[in-house]
Amino acid sequence: MEMERSSPAPSPVEVPRFFVCPISLEVMRDPVTLSSGITYDRDSIERWVFTDGHGDCPVTKLPLGAGELQEPTPNHTLRRLIQSWCAAHALERFPTPRPPVDADRVAAILDAAARATKRSGGGGRPDEEDLLAALAELADIVNESDRNRRCVEAAPGAVEFLVSVLKNRAAAASSPSSVSQEESTSPEEAALSVLHSLKPSEETMKRLLDSSDDLIDALASVLRWPSHRARTQGMHLLKAALAAAHPSRLATASADLIEAVVGVVAAGRAAPAVPPPPPKAVKLALHVLCRLCPWGRNRIKAVEAGAMSALIELLLDQGCGNGVTSGKRAGELAAVAIDHLCGCAEGRQELVSHPAGLAAVARAATRLSSSPAGTESAVRALHAVARHAATPAVLQEMLAVGVVARLLFLVQAGAAGDRPRERAREMLRMHAKVWRGSPCLASHLASSYPC
């Protein structure tokens with residue numbers, strides 16, 4: 001019986017090279033031409049300029065004018081050729097790009113949202129629906145393109161209005177019992193989502209921080225919301241805001257803010273009624289804590305909020321592999337934060353008072369060998385204890401839980417770098433009378449004790 005011949009596989013379609021964006025190496029959907037004569041896909045060149053911060057043509061390296069940075073010239077002829085080529089080869093045609101939003105449209109949406117906010121002073125349902133509709137329209141505009149996002153951010157009063165929605169409604173939304181994850185999106189959650197999608201620039205953040213404390217206060221309330229997504233978005237915004245804040249503003253951080261950040265780090269241990277945050281939110285909270293702690297009395301505020309205990313528990317979870325976060329980055333950030341807290345007497349006291357505090361930090365000093373910052377921070381925290389809180393009981397505990405053995409390992413291995421090695425050697429010499437001749441120190445370790 002004669003077998004049927006299989007039809008040959010269709011040959012791949014060769015894409016004309018001038019249809020391909022030099023940045024994305026994909027067929028251009030919305031080609032735009034710069035003054036350098038090079039054509040790019042709009043999304044790719046806008047990402048190159050506004051997200052990556054370049055001010056030149058990627059191919060020719062020629063500087064770009066301010067006008068074309070804001071509005072490059074559409075290449076309609078090339079777009080029609082690409083559309084015709086797609087149709088000729090039975091390929092899906094790219095939709096015609098929607099025109100960018102203009103400032104007047106954004107102003108009209110903001111005006112409608114502001115009117116709804118004023119009318120809903122008594123909590124009227126129809127006005128709340130109007131506010132949600134306006135915020136949803138803003139979200140659609142912002143998520144459509146980087147160009148629209150910049151237009152909304154530049155609109156007078158747009159970012160301030162979103163912050164005001166958070167601020168005015170934060171008191172009702174901060175209680176875990178008042179906002180349920182199963183309920184439909186509330187106006188404050190919608191405003192937070194739009195603000196997060198906007199990715200406000202450093203200049204915008206500085207303007208908000210210079211005008212009032214509304215943004216920081218509102219974000220502190222967001223960190224207590226039960227929504228995982230809202231807390232992660234709030235922490236993203238808080239990290240960006242504090243990165244733009246002047247040191248004088250950081251030094252005056254409120255105890256309420258620090259307590260909220262510590263609550264996220266603690267993964268719900270301090271408030272069992274609140275669901276544990278996602279790992280991303282915890283890592284962001286660690287970044288924020290490391291940013292806040294070096295300034296003013298923030299160390300003491302963090303210690304009073306339970307930060308030391310939360311950080312030690314996080315290190316212990318890292319060691320067991322069953323924590324809310326995984327990976328050495330979280331352990332490194334926790335070690336850096338512990339180092340900051342050990343800069344005050346209250347922090348050192350909390351560390352030595354925790355049953356596993358010294359052991360957890362010593363283990364971090366050797367387990368984070370591939371992370372110089374984490375190792376150095378852990379060793380520096382132990383050094384602060386050895387120098388300023390070395391009571392006889394503490395010295396004996398350091399010997400019993402293996403801190404001394406790990407210090408000897410750091411001195412011998414030297415893989416952690418020169419500074420941690422020298423600090424470890426200094427601690428060993430500092431308390432040699434107590435540690436060197438102790439029967440708790442194994443003989444092979446005693447023989448390697450530095451002179």
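Scope of this entry: the structure provided in the associated data block. (Residues numbered from 1 in each chain as written. Predicted model: local features only at pLDDT ≥ 70, side-chain atom pairs only at ≥ 80, totals over all residues. Heavy atoms only, no water.)

### Concerning the overall build of the protein
Helices and strands together make up the secondary structure of the protein, namely 25 helices and 3 strands. Across the 451 residues of the protein, 47% fall into the buried class. For the protein, contacts bridging at least 24 residues in sequence account for 67% of all contacts bridging at least 6. Of the roughly 22300 Å² of accessible surface on the protein, 53% is carried by carbon and sulfur atoms. (Helix = DSSP H or I, 4+ residues; strand = E, 2+ residues; numbered from the N terminus. Buried < 20%, exposed > 50% of the residue type's maximum accessible area, 1.4 Å probe, protein only. Contact = heavy atoms within 4.5 Å. Areas by Shrake-Rupley, 256 points an atom, 1.4 Å probe, with all protein chains shown as cover.)

### Quick look at helix α14 (residues 279–292)
Here α14 contains 14 residues, and its C-alpha end-to-end distance of 20 Å stays within 8% of the 20 Å for a straight helix at 1.5 Å per residue. Residues Ala281, Val282, Leu284, Ala285, Leu286, Val288, Leu289, Cys290 and Leu292 constitute the buried set of α14. (Expected span 1.5 Å × (residues − 1).)

### What to know about the pattern of salt bridges
Here the structure, examined in full by the defined rule, presents 20 salt bridges. For Arg105, the salt bridge identified is with Glu137, shortest N-O distance 2.1 Å. Here Glu137 lies in helix α5 (residues 125–144) and Arg105 lies in helix α4 (residues 103–119), a separation of 32 residues in the sequence. Arg105 gets classed as partly exposed once you look at its relative accessible area, which sits at 38%. For Glu137, a relative accessible area of 29% corresponds to the partly exposed category. Across the pair Arg419 and Glu376 runs a salt bridge, and its minimum N-O distance is 3.3 Å. Placement of Arg419 in helix α23 (residues 418–430) and of Glu376 in helix α20 (residues 372–388) is noted, with a sequence separation of 43 residues between them. Residue classification places Arg419 among the exposed residues on the basis of a relative accessible area of 55%. Through salt bridges with shared partners, a single network forms among Asp30, Arg42, Glu46, Arg147 and Arg150. (Salt bridge = Lys/Arg side-chain N within 4 Å of Asp/Glu carboxyl O.)

### Regarding the environment of Ala230
Its location among the elements puts Ala230 in helix α11 (residues 228–244). Considering only alpha carbons, one finds Ala230 and Leu219, 11 residues apart in sequence, at a separation of 9.9 Å. Those residues within four positions of Ala230 in sequence are excluded, and the remaining contacts are Leu192, Val222 and Trp225.

### Looking at the packing of helix α10 (residues 214–222) against α11
For the pair α10 and α11, interaxial distance at closest approach is 9 Å and the crossing angle is 150°. Looking at the two axes, α10 sits roughly antiparallel to α11. For the crossing formed where α10 meets α11, the hand is left-handed. Each of Leu215, Ile216, Leu219 and Val222 in α10 lies in contact with α11, whose residues at this interface are Ala230, Arg231, Gly234, Leu237, Leu238, Ala241 and Leu242. Looking at the contact of α10 with α11 residue by residue, the classes come out as 9 nonpolar, 1 polar and 1 charged. (Axes fitted to C-alpha atoms, helices over the stretch in contact; angles between N-to-C directions. Parallel < 35°, antiparallel > 145°, perpendicular 65-115°, else oblique. Left-handed = near helix turned anticlockwise from the far one by under 90°. Nonpolar A, V, L, I, M, F, W, Y, C, P; charged D, E, K, R; others polar.)

### Some points on the nonpolar core
Of all hydrophobic cores here, the largest spans 119 residues; its most connected members are Leu238, Leu289, Leu311, Ile338, Leu358 and Leu407. The leading source of residues in this core is α14, at 9 residues. Those residues in contact with Leu311, other than ones at most four positions away along the chain, are Val265, Leu286, Leu289, Ala334, Ala337, Ile338 and Leu341. Within the second largest apolar cluster, 16 residues are counted, among which are Cys21, Leu34, Trp85 and Cys86. (Core = buried A, V, L, I, M, F, W, Y, C linked by side-chain atoms within 4.5 Å.)

### Looking at the sheet that holds strand β3 (residues 73–74)
The strand order across the open sheet built from 3 strands is β2-β1-β3, with neighbouring strands paired in antiparallel fashion. A single partner strand is all that each edge strand has here, and the edge strands are β2 (39–41) and β3. (Pairing = 2+ DSSP bridges.)

### Quick word on the packing of aromatic side chains
Ring pairs (aromatic) are described by centroid distance and by the angle formed between their planes. Counted by the stated rule, this structure contains 2 aromatic pairs. On the basis of an interplanar angle of 85° and a centroid distance of 4.9 Å, the ring pair of Phe18 and Phe19 is categorised as edge-to-face. For the ring pair Phe19 and Trp85, a centre distance of 5.7 Å and an interplane angle of 75° mean the geometry is edge-to-face. Placement of Phe19 in the segment before β1 (31–33) and of Trp85 in helix α3 (residues 76–88) is noted, with a sequence separation of 66 residues between them. When sorted by exposure, Phe19 lands in the same class as Trp85, which is buried. Site record: aromatic cluster; members linked through ring pairs are Phe18, Phe19 and Trp85. (Phe/Tyr/Trp six-rings, centres within 6.5 Å; stacked < 30°, edge-to-face > 60°.)

### Thoughts on the packing of helix α18 (residues 345–353) against α20
When two helices pack together, their arrangement is given by the angle between the helix axes and the distance between those axes. Running from N to C, α18 and α20 cross one another at 100°; their axes reach a closest spacing of 10 Å. One finds that α18 runs roughly perpendicular with respect to α20. Contacts between α18 and α20 involve Arg348, Leu351 and Val352 from the former and Ala384, Val385 and His388 from the latter. By residue class, the composition of the contact of α18 with α20 is 4 nonpolar, 1 polar and 1 charged.

### Some remarks on the side chain of Arg149
Inspection of the secondary structure puts Arg149 in helix α6 (residues 146–154). A relative accessible area of 10% places Arg149 in the buried class. Arg149 has contacts with Val142, Ser197, Leu198 and Lys199, leaving out every residue within four places of it along the chain.

### Observations concerning α23
For α23, built from 13 residues, the straight-helix expectation of 18 Å at 1.5 Å per residue is met to within 8% by its first-to-last C-alpha distance of 18 Å. Within the sequence span of α23, burial applies to Pro420, Ala424, Arg425, Met427 and Leu428. Take α23 and look down its axis: the buried residues cluster within an arc of 160°, on one side only. Counted as exposed and oriented over 90 degrees from the buried face of α23: Asp418 and Arg419. For α23, the elements touching its buried residues are α20, α22 (403–413) and α24 (432–435). (Arc of directions from axis to C-beta.)

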